[in-house]
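Given next are the chains, with one letter for each unit.
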Amino acid sequence: MTGWGSAAAPAAVAAAVLLVPGLLVGRAAGLKGLLWAAAAPALSVGVVALSAVAAAVAGQRWGLLPVAVGTALAVVGALPVGVLSGSLAGARRARSSGRRAPGPVGLLGALGLGPRDLAVGLAAAGGLMAGGVLAGHRLLAALWAPTAVSQSFDAVFHLNAVRWVLDTGDGSSLHLGRLTSPGADTSFYPAGWHDVVSLAAGATGAGVDVASNATAAVVALVVWPLGAVGLVRVVVGRRPVAVAAAGALTAAFTSLPVSPLEWGVLYPTLLTTSLLPGVLALLVAAADRVRGLRRRAGAVLVAAGALPGLALAQPSGGFALAAVALPLGVSLLVATVRGWWRSGVRLPAVVLPVVAALLAVTAWRYATTMPSVLSAASTPWAPMVSPAAAVKQAVLFEHLSRTELVRPALWVTAALVLAGLLVVLGRRRLRWVAGSHLLVSTLFVLAWGVGAPWSRVYTGFWFNDAYRIAPLTVITGLVLASAAVALVPPAVRRAWRQLHRSLAGQPARPAQPVLAAHATAPATGPVTGRRSALRAGVPAPRAQPDQQGRRGQRGERGRRRAPTEVRAASTRRWVTASAGGAAIAVVVVLAGARGPGYAATYRALWENSVAAAPGTLDAQGHELSDVLDSDERALLDRLDAEVPAGVEVAGNPWNGSGFVYALTGHPTPFPHMVSKFEAAPDRAVVAERLSAAATDPTVCPAVRELHLGYVLDFGTGYLWGGDDEKAGRDRRYPGLEGLATAEGFRLVDSEGRARLYEITACGA
């Protein structure tokens, strides 16, 4: 077993590929702060995946050079967006201002940020580091080793697909499906994940298995937390306690990132779901009516530019974004119509909702009739629990618990989410978060506890698979929990003070105009007291003369500002109080992120990763390895010394033989369980009649055409056990059985029950 140090280099490359292009493009488009960091991965994946398509069209081999060219072109295309939003011009004004302070504050000024932004950034970094240490320890232990392969159906395809990209130099999403459909001119499969992993493997020389695990760790421990913290920053506001709690809370949930790694394995779903918070944050920024129109338009354009990243990671990410953002859109529509109606603009107030409804119905009809969606919706997943049990799991965050795997409730996390629901329901501009959480939780219940034909209309976008839907509840749940951590204590403190005054017979303290304005202002971004007052219709307080008879200093554009020393003292107090609150929030969250629910979930992931020797059983008496056990892996690790380069090796992919291509580089005619034979008759001959090579005259021509020289026999320990007519674990590959007694095959190597045979019946 190799230590995790061997994954450091591919992890560093994967992190650079997932962050650097998006950071450059996002900055050119005018993004800054945590929103900039949150959106960067989605922009990066879009640049990478589109660059791969363009490289294939141009006949260029896939690698870091096309990514560099694609990034440069994307930066040039993003510059007009930055000019439109006014962010770049603002940064230039800050750099040219004589008020710029030296050191880090000066750098912040160059980026259009201030000391309070620094406090928020430091709080976010502290939360991310604390949550990352806990989540990283759990995740790396559960993944077992960087060379471990997921014992699951999809792992065979995903690892072989990365090898195919490396061998062919073609990372285009328009061509990746050729792996299982040879001979097809165009065979779409979203290649965002495979493009990133192939870059990590190709640049470092790491194995496909190591590069895949390293990239999964980067997505789970870097991409997802960055997006979560950025989303909380935009939704809850410039509150260090909220962003610190968000970073720590990424270790307090289990459905994301564990479920996609445990089931499937759903690498593309893990990626697209981890990108989702950053894109959603852009939409929240675009819906923030406190922001200027130009900044909102810029956020819309950047969000549009991030959509290819979602779609080419896994198209279901686009549908997930639509579901999560639907309540936000409805909230914005209602607020807009209400404002127009109250302002006397009646006709647009009537026409807008009608047009929006027509567009929504048209989009729904189009989406539900797409061939890919119809195919996904036909996936027949039966309900695993009763609807009542599914609701209980959704509330207590014990998602995906079933008879053979009981996942205890995450009590502290669930309590924070419920408290967050109560908090946001009392704030009109945050109610959409509650709507989003209830919507995705309902989708989970439909997939996990109903599974009826009518419910598949709504869950079919995710293959009716609750493992793909459950992570969405973590995104909304984390926002609610962060809001609870940040907003409940001040509310309790205010209520306590009011109660104390009432008991003491003191009159209630009248609210200050600016404070009242702050209370009614949306918490979706940094809002000044003056702007809040204007939005609320409350006049901002006028500056009072100081002891020398002078009024507060005037700032740019004639606005009155408090004296510099007053502002500095206020900022210092705010930063000090926020730092203490953020530290307490992180400690409380991490202290609650304990319990049997975490142990059960990460144990399931470990069992999905470990390659045990034959006969090693779990507590229920099942062999831990479902696909590739340790003996089979040992034989594959020796294959290069026994099989000449370029020679194909056949094997039944249902028993782990399909990993031969990914782990050794030797091609195989059956790279996945669902490989198609219709356009490849030679493969069909081998699958059906290879054992009769010495007597059947049709076999050897097919063997020579495929450059097939060897065959693996890993026995009848098939994934999911047994056989059935639909899966065809045995029936589809009868020609690969009975090789020990068949004429024309020589035993070359063995390890336990695993065997490697040379095909001698067809000559050299």
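As the structure is a prediction and not an experimental result, all values here were calculated from the model.

### Re the state of the cysteines
- Tallied over the full model, the rule gives one disulfide.
- A disulfide bridge connects Cys 700 with Cys 762, and the sulfur atoms are separated by 2.1 Å. Measuring the twist about the S-S bond at about -85°, one finds the Cys 700-Cys 762 disulfide to be left-handed. Linking Cys 700 in helix 29 (residues 699–705) with Cys 762 in the segment after strand 4 (754–759), this pair joins segments that are 62 residues apart in sequence. Across the pair, exposure class does not vary: Cys 700 and Cys 762 are buried alike.

### Thoughts on the side chain of Thr 601
- Along the chain, Thr 601 turns up in helix 25 (residues 596–609).
- Judged by relative accessible area, Thr 601 falls into the buried class, the value being 2%.
- Apart from residues lying up to four places away in sequence, Thr 601 is in contact with Thr 254, Val 258 and Arg 407.

### Describing a nonpolar patch on the surface
- On the surface, a cluster of nonpolar side chains totalling about 580 Å² of accessible area is made up of Trp 341, Leu 347, Val 350, Val 351, Val 355 and Leu 359.
- The greatest single-element share of the nonpolar patch, amounting to five residues, is contributed by helix 15 (residues 346–368).
- Along the polypeptide, Trp 341 turns up in helix 14 (residues 316–342).

### Considerations on the pattern of salt bridges
- As enumerated under the stated definition, the model contains 13 salt bridges in all.
- For Arg 407, the salt bridge identified is with Glu 262, shortest N-O distance 2.9 Å. Taken together, the positions of Arg 407 in the loop between helix 17 (387–396) and helix 18 (411–425) and Glu 262 in helix 11 (residues 258–262) put the pair 145 residues apart, joining distant regions of the chain.
- According to the relative accessible area criterion, Arg 407 is buried, its value standing at 3%.
- Under the relative-accessibility criterion, Glu 262 is labelled buried at 11%.
- A salt bridge links Arg 638 to Glu 751, with the shortest nitrogen-to-oxygen separation between them at 2.9 Å. With Arg 638 in the loop between helix 26 (630–637) and strand 1 (648–650) and Glu 751 in strand 3 (residues 745–751), the pair connects residues that are 113 residues apart, well separated along the chain.
- A relative accessible area of 30% means that Arg 638 is categorised as partly exposed.

### Points about helix 7 (residues 153–168)
- Here helix 7 spans 24 Å end to end across 16 residues, near enough to the 22 Å set by a 1.5 Å rise per residue.
- Most of helix 7 is tucked away, with 13 of its 16 residues classed as buried.
- Immediately downstream of helix 7, the backbone of Gly 169 shows phi near 70°, a positive value.

### A few points about the confidence of the model for the chain
- Scored by pLDDT, the chain comes out at a mean of 86, with 84% of its residues at no less than 70.
- Confidence drops under a pLDDT of 50 for residues 97–104, and excluding neighbours within four residues, the segment shows six contacts in the predicted structure.

### A few points about the packing of helix 7 against helix 8 (residues 192–204)
- Two elements in contact, helix 7 and helix 8, have axes separated by 9 Å at closest approach and are oriented at 60°. Comparing the axis directions of helix 7 and helix 8 gives the class oblique. Where helix 7 crosses over helix 8, the handedness of that crossing is right-handed. Contacts between helix 7 and helix 8 involve Phe 157, His 158, Ala 161, Val 162, Val 165 and Leu 166 from the former and His 194, Val 197, Ser 198, Ala 201 and Gly 202 from the latter.
- Of the residues that constitute the contact of helix 7 with helix 8, the class distribution is seven nonpolar, four polar and no charged.

### As for the pairing of strand 2 (residues 708–713)
- Counting buried residues in strand 2 gives six out of six residues, a clear majority hidden from the surface.
- Pairing analysis gives three bridges linking strand 1 to strand 2, with the strands arranged parallel. Opposite Val 649, over in strand 2, you have Tyr 710 as the bridge partner.
- Pairing of strand 2 with strand 4, which is carried by four bridges, proceeds in the antiparallel orientation. For Tyr 710, the partnering residue across the bridge sits in strand 4 and is Glu 758.

### Here's the deal with the side chain of Glu 398
- Inspection of the secondary structure puts Glu 398 in the loop between helix 17 and helix 18.
- In this structure Glu 398 comes out as buried when scored by relative accessible area, which is 9%.
- The contact partners of Glu 398, leaving out residues within four places of it in the chain, are Lys 392, Gln 393, Arg 407, Pro 408 and Ala 409.

### Overview of the packing of helix 1 (residues 8–28) against helix 3 (residues 64–85)
- Between helix 1 and helix 3, whose axes approach to 6 Å, the crossing angle comes to 25°. Relative to helix 3, the element helix 1 is oriented roughly parallel. Judged by the twist between their axes, the crossing of helix 1 over helix 3 is right-handed. Along its contact with helix 1, which presents Val 17, Pro 21, Leu 24, Val 25 and Ala 28, the element helix 3 presents Leu 64, Val 67, Thr 71, Ala 74, Val 75, Ala 78, Leu 79 and Gly 82.
- By residue class, the composition of the contact of helix 1 with helix 3 is eleven nonpolar, two polar and no charged.

### Some details on the environment of Leu 159
- By the element assignment, Leu 159 lies in helix 7.
- Along the chain, Leu 159 and Gly 658 lie 499 residues apart, while their C-alpha atoms are 9.7 Å from each other.
- Setting aside chain neighbours within four positions, we find Leu 159 in contact with Val 149, Val 208, Asp 209, Ser 212, Tyr 267, Phe 659 and Ala 662.

Rules used throughout
- Residues numbered from 1 in each chain as written.
- Predicted model: local features only at pLDDT ≥ 70, side-chain atom pairs only at ≥ 80, totals over all residues.
- Heavy atoms only, no water.
- Disulfide = S-S within 2.5 Å.
- Helix = DSSP H or I, 4+ residues; strand = E, 2+ residues; numbered from the N terminus.
- Buried < 20%, exposed > 50% of the residue type's maximum accessible area, 1.4 Å probe, protein only.
- Contact = heavy atoms within 4.5 Å.
- Patch = residues over 30% accessible without salt bridge, like charges linked within 9 Å, V, L, I, M, F, W, Y side chains within 5 Å.
- Areas by Shrake-Rupley, 256 points an atom, 1.4 Å probe, with all protein chains shown as cover.
- Salt bridge = Lys/Arg side-chain N within 4 Å of Asp/Glu carboxyl O.
- Expected span 1.5 Å × (residues − 1).
- pLDDT = per-residue confidence, 0-100.
- Axes fitted to C-alpha atoms, helices over the stretch in contact; angles between N-to-C directions.
- Parallel < 35°, antiparallel > 145°, perpendicular 65-115°, else oblique.
- Left-handed = near helix turned anticlockwise from the far one by under 90°.
- Nonpolar A, V, L, I, M, F, W, Y, C, P; charged D, E, K, R; others polar.
- Pairing = 2+ DSSP bridges.

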